[in-house]
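# Observations on chain architecture
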Amino acid sequence: QVQLVESGGGVVQAGGSLRLSCAASGNVLSILSMGWVRQAPGKKREERELVASILSGGRSYYADSVKGRFAISRDNDKNTLYLQMDNLKPEDTAIYYCTAEFIETTVPNDYWGQGTQVTVSS
């Protein structure tokens, strides 16, 4: 089992930056993939969007909508996943969830955190 706790969300003006963190605990040595998924206001759970993911070897993947603006990274010593978000846009407003899985996949979704709210004002 793995527990994931996100932090770093908040309210920011368009063009601003935020850095999300996700602290992992439990069977962290078995985690091979981690990611960030967001759910925009008014969207259903099944409409959640994968924002970015990172594999154990360091390869990362991004949604087209965030390429060039967001950067995912993982600090294995601290068991923490990060999402640096720059040049934020109002359409980035969403609840951001940290995810993890014990296999190599670009869409990790076995374990989820409770989410952190990001609001971008225009």
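Quick look at the structure, then. (Residues numbered from 1 in each chain as written. Predicted model: local features only at pLDDT ≥ 70, side-chain atom pairs only at ≥ 80, totals over all residues. Heavy atoms only, no water.)

### Brief notes about the state of the cysteines
Rules: Note on terminology: disulfide denotes any pair of cysteine sulfur atoms within 2.5 Å. Strands here mean DSSP runs of E at least two residues long; helices mean DSSP runs of H or I at least four residues long; both are numbered from the N terminus. A 1.4 Å probe rolled over the protein chains alone gives each residue an accessible area, and that area as a share of the maximum for its type sets the label: buried under 20%, exposed over 50%, partly exposed in between.
Taken as a whole, this structure holds one disulfide when the rule is applied. Across the disulfide from Cys-22 sits Cys-98; the S-S distance is 2.1 Å. Across the S-S bond linking Cys-22 and Cys-98, the dihedral sits near -75°, which makes this disulfide left-handed. Placement of Cys-22 in strand β3 (residues 18–26) and of Cys-98 in strand β9 (residues 94–101) is noted, with a sequence separation of 76 residues between them. You'll find Cys-22 and Cys-98 in the same group, each marked buried.

### Regarding the sheet that holds strand β8 (residues 80–85)
To keep things clear, this is the line we draw: Any two strands with at least two DSSP-identified bridges between them are counted as paired. Angular values range over 0 to 180 degrees, each being the angle between N-to-C directions of two axes fitted as lines to C-alpha atoms, with helices fitted over their stretch in contact.
Within the open sheet, the four strands sit side by side as β1-β3-β8-β7. Their pairing is antiparallel. With partners counted over all chains shown, the strands left at the sheet margins are β1 (2–7) and β7 (70–75), one partner each. On average, adjacent strands in this sheet sit at an angle of 15° to one another, irrespective of strand direction. Where β3 lies against β8, six bridges are found, and the strand directions are antiparallel. Considered in β8, the bridge of Leu-18 is made with Met-85.

### Thoughts on the packing of aromatic side chains
This is how it is decided: Aromatic pairs are defined between Phe, Tyr and Trp rings, using the six-membered ring for Trp, whenever the two ring centres lie within 6.5 Å; interplanar angles under 30 degrees are classed as stacked, those over 60 as edge-to-face, and all others as tilted. Lysine NZ or arginine CZ positioned within 6 Å of the ring centre and within 35 degrees of the ring normal marks a charge as sitting over the ring.
Overall, the coordinates contain two aromatic pairs when judged by the stated rule. Pairing Tyr-97 with Trp-112 gives two aromatic rings, centres 5.7 Å apart and planes at 70°, and the pair type is edge-to-face. You can see Tyr-97 sitting in strand β9 and its partner Trp-112 sitting in strand β10 (residues 111–112), a full 15 residues away along the chain. Tyr-97 gets classed as buried once you look at its relative accessible area, which sits at 10%. The exposure class assigned to Trp-112 is partly exposed, which follows from its relative accessible area of 32%. Their ring planes at 40° and their centres at 5.2 Å tell us that Phe-102 and Tyr-111 sit as a pair that is tilted. According to the relative accessible area criterion, Phe-102 is partly exposed, its value standing at 27%. Here Tyr-111 falls in the buried class, since its relative accessible area comes to 15%. One residue, Arg-48, lies across the ring of Tyr-97, its end atom 4.3 Å from the ring centre.

### As for the environment of Glu-104
Definition in use: We call two residues in contact when some of their heavy atoms are within 4.5 Å. Here a polar contact means two N or O atoms within 3.5 Å. Within protein one must be a hydrogen donor candidate and the other an acceptor candidate, and residues neighboring in sequence count only if both atoms are side-chain atoms.
Following the sequence through the fold, Glu-104 ends up in the loop between β9 and β10. Given a relative accessible area of 40%, Glu-104 falls into the partly exposed group. Each C-alpha atom of the pair Glu-104 and Cys-22 lies 19 Å from the other, and the pair is 82 residues apart in sequence. Beyond its immediate sequence surroundings of up to four residues, Glu-104 is in contact with Leu-32, Ser-33, Leu-55 and Ser-56. Within polar-contact distance, the side chain of Glu-104 engages the side chain of Ser-56 at 2.3 Å.

### Here's the deal with the nonpolar core
Stated formally: The term nonpolar core refers to a set of buried residues drawn from Ala, Val, Leu, Ile, Met, Phe, Trp, Tyr and Cys, joined through side-chain atoms within 4.5 Å.
Formed by 29 residues in total, the largest nonpolar core has its most connected members in Leu-4, Met-34, Trp-36, Leu-83, Met-85 and Tyr-96. Those elements that provide at least two residues to this core are β1, β3, β4 (33–39), β5 (49–55), β7, β8, β9 and β11 (116–121). Setting aside its immediate chain neighbours within four residues, Tyr-96 contacts Glu-6, Leu-20, Trp-36, Val-37, Arg-38, Val-51, Phe-70, Leu-83, Met-85, Gly-115, Thr-116 and Val-118.

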